[in-house]
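A closer look at the structure
Residue strings, one per chain:
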Amino acid sequence: EDKVVQSPLSLVVHEGDTVTLNCSYEVTNFRSLLWYKQEKKAPTFLFMLTSSGIEKKSGRLSSILDKKELSSILNITATQTGDSAIYLCAVGTNYGGSQGNLIFGKGTKLSVKP
Amino acid sequence: DSGVTQTPKHLITATGQRVTLRCSPRSGDLSVYWYQQSLDQGLQFLIQYYNGEERAKGNILERFSAQQFPDLHSELNLSSLELGDSALYFCASSVDLGGYGGYTFGSGTRLTVV
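Residues numbered from 1 in each chain as written. Chains lettered and ligands numbered in written order. Predicted model: local features only at pLDDT ≥ 70, side-chain atom pairs only at ≥ 80, totals over all residues. Heavy atoms only, no water.

Helices and strands together make up the secondary structure of chain A, namely zero helices and eleven strands. Taken from the N to the C terminus, the helices and strands of chain A come in the order β-β-β-β-β-β-β-β-β-β-β. Structurally, chain A occupies a C-alpha span of about 45 × 30 × 20 Å along its principal axes. Taking all 114 residues of chain A together, 45% fall into the buried category. Counted over contacts in chain A with a minimum sequence separation of 6, partners at least 24 positions apart contribute 55%. The distance from the centre of the 13 positive side-chain charges to the centre of the 10 negative ones in chain A is 5 Å. (Helix = DSSP H or I, 4+ residues; strand = E, 2+ residues; numbered from the N terminus. Buried < 20%, exposed > 50% of the residue type's maximum accessible area, 1.4 Å probe, protein only. Contact = heavy atoms within 4.5 Å. Lys, Arg positive; Asp, Glu negative; His and termini not counted. Charge placed at Lys NZ, Arg CZ, Asp CG, Glu CD.)

And the structure:
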């Protein structure tokens, strides 16, 4: 069965810290890797990665994919309390089936203390 | 506002009852996905419809059913409800069949079974 594993499952940091969230995957037919941020309700899209080694950046957030290591990291620099959320990693596959086309990890719950 | 509309936002019902959750996808999106999110399980894929047809099925209970109508809105029917069905139910949509570029999520329906 295809799987996506995120680590750590939870993390508590102080404002200003830099954090690195990890996502590793084992899937049959990789198409894309996506990061989402989930605050109170709906997950919102952050990044989509398809090519290895190319960093995507948005403000203080950045992400990179390593297809050789079957993994991705999401970095957040100079964290703020507003970054507190669950960060979800999802991998797009051609398979679909009982897991659907996007397979989600369980998420990393980030808490940023003032 | 993501463009994906889910109603109702909250639902409290008794065991044994039946409820219907409704989703209107983002304008132009043909695929609708239903997910269940509980505290320990993360996002669990239930079912996908594309342009009115069922395209992928997750580990959806037999007590649950869904459909997508000609106007592309979708309904998820949950019957013979049990306490364990209490969860956040998300609808998401994408323009294409694969959704590899990511899904747009609605704000969810929080179902509480008492």
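From this point, the narrative continues.
For the rest of this paragraph, the subject is the interface of chain B and chain A. Contacts between chain B and chain A engage 26 residues on the former and 22 residues on the latter. Buried area between chain B and chain A, both sides added, is near 1,700 Å², and the carbon and sulfur share of it is 56%. Connecting chain B to chain A are zero salt bridges. Here chain B is connected to chain A by four residue pairs in polar contact (both at pLDDT 80 or more). Elements supplying a minimum of two residues to the side of chain B that touches chain A: strand E4 (31-38), strand E5 (42-50), strand E6 (53-57) and strand E9 (87-94) of chain B. No other element matches the three residues that E5(B) contributes to the side of chain B that touches chain A. (Buried area = accessible area lost by both parts, 1.4 Å probe. Salt bridge = Lys/Arg side-chain N within 4 Å of Asp/Glu carboxyl O. Polar contact = N/O pair within 3.5 Å; in protein donor to acceptor, adjacent residues only side chain to side chain.)

Residue and element names in this part refer to chain A. Spatially, E1-E3-E8-E7-E6 is the arrangement adopted by the five strands of the open sheet, whose pairing is antiparallel. One side of each edge strand has no neighbouring strand; the edge strands of this open sheet are strand E1 (3-7) and strand E6 (56-58). Across this sheet, the average inter-strand angle for adjacent strands is 15 degrees, counted without regard to direction. Pairing of E1 with strand E3 (residues 19-26) involves five bridges; the strand directions are antiparallel. Note that in E3 the partner of Ser7 across the bridge is Asn22. (Pairing = 2+ DSSP bridges. Axes fitted to C-alpha atoms, helices over the stretch in contact; angles between N-to-C directions.)

A full pass over the atoms with the stated rule returns two disulfides over all chains. Across a sulfur-sulfur distance of 2.0 Å, A:Cys23 and A:Cys89 are joined as a disulfide pair. The sign of the S-S torsion, about -65 degrees, decides the handedness of the disulfide formed by A:Cys23 and A:Cys89: left-handed. With A:Cys23 in strand E3 and A:Cys89 in strand E9 (residues 85-93), this residue pair connects regions lying 66 residues apart in the sequence. For the pair A:Cys23 and A:Cys89, one class covers both residues: buried. In this model, B:Cys23 is linked to B:Cys91 through a disulfide, with the two sulfur atoms separated by 1.8 Å. Since a negative S-S torsion denotes a left-handed disulfide, the B:Cys23-B:Cys91 link at about -50 degrees is left-handed. Taken together, the positions of B:Cys23 in strand E3 (residues 19-24) and B:Cys91 in strand E9 put the pair 68 residues apart, joining distant regions of the chain. Since its relative accessible area comes to 0%, B:Cys91 is described here as buried. (Disulfide = S-S within 2.5 Å.)

Across chain A, the average pLDDT comes to 93, with 96% of residues at 70 or higher. Here strand E10 (residues 102-104) of chain A stands out as the least confident element of chain A, with mean pLDDT 88; strand E8 (residues 71-76) of chain A is the most confident, with 98. (pLDDT = per-residue confidence, 0-100.)

Moving on, we come to the packing of aromatic side chains. Any two aromatic rings considered together are summarised by their centre-to-centre distance and by the angle between their planes. Per the stated rule, a full pass over the model turns up 13 aromatic pairs over all chains. The interplanar angle of 50 degrees and the centroid separation of 6.2 Å between the aromatic rings of B:Tyr35 and B:Phe105 together place this pair among those described as tilted. One end of the pair, B:Tyr35, is in strand E4; the other, B:Phe105, is in strand E10 (residues 104-105), with 70 residues separating them in the sequence. Owing to a relative accessible area of 1%, B:Tyr35 belongs among the buried residues under this scheme. Members of the aromatic cluster, joined through ring pairs, are A:Tyr36, A:Phe45, A:Phe104, B:Tyr33, B:Tyr35, B:Phe45, B:Phe90, B:Tyr103 and B:Phe105. (Phe/Tyr/Trp six-rings, centres within 6.5 Å; stacked < 30°, edge-to-face > 60°.)

A separate point is the side chain of A:Asp2. Secondary-structure assignment places A:Asp2 in the segment before E1. Of the polar contacts made by the side chain of A:Asp2, one reaches the side chain of A:Thr28; its length is 3.0 Å.

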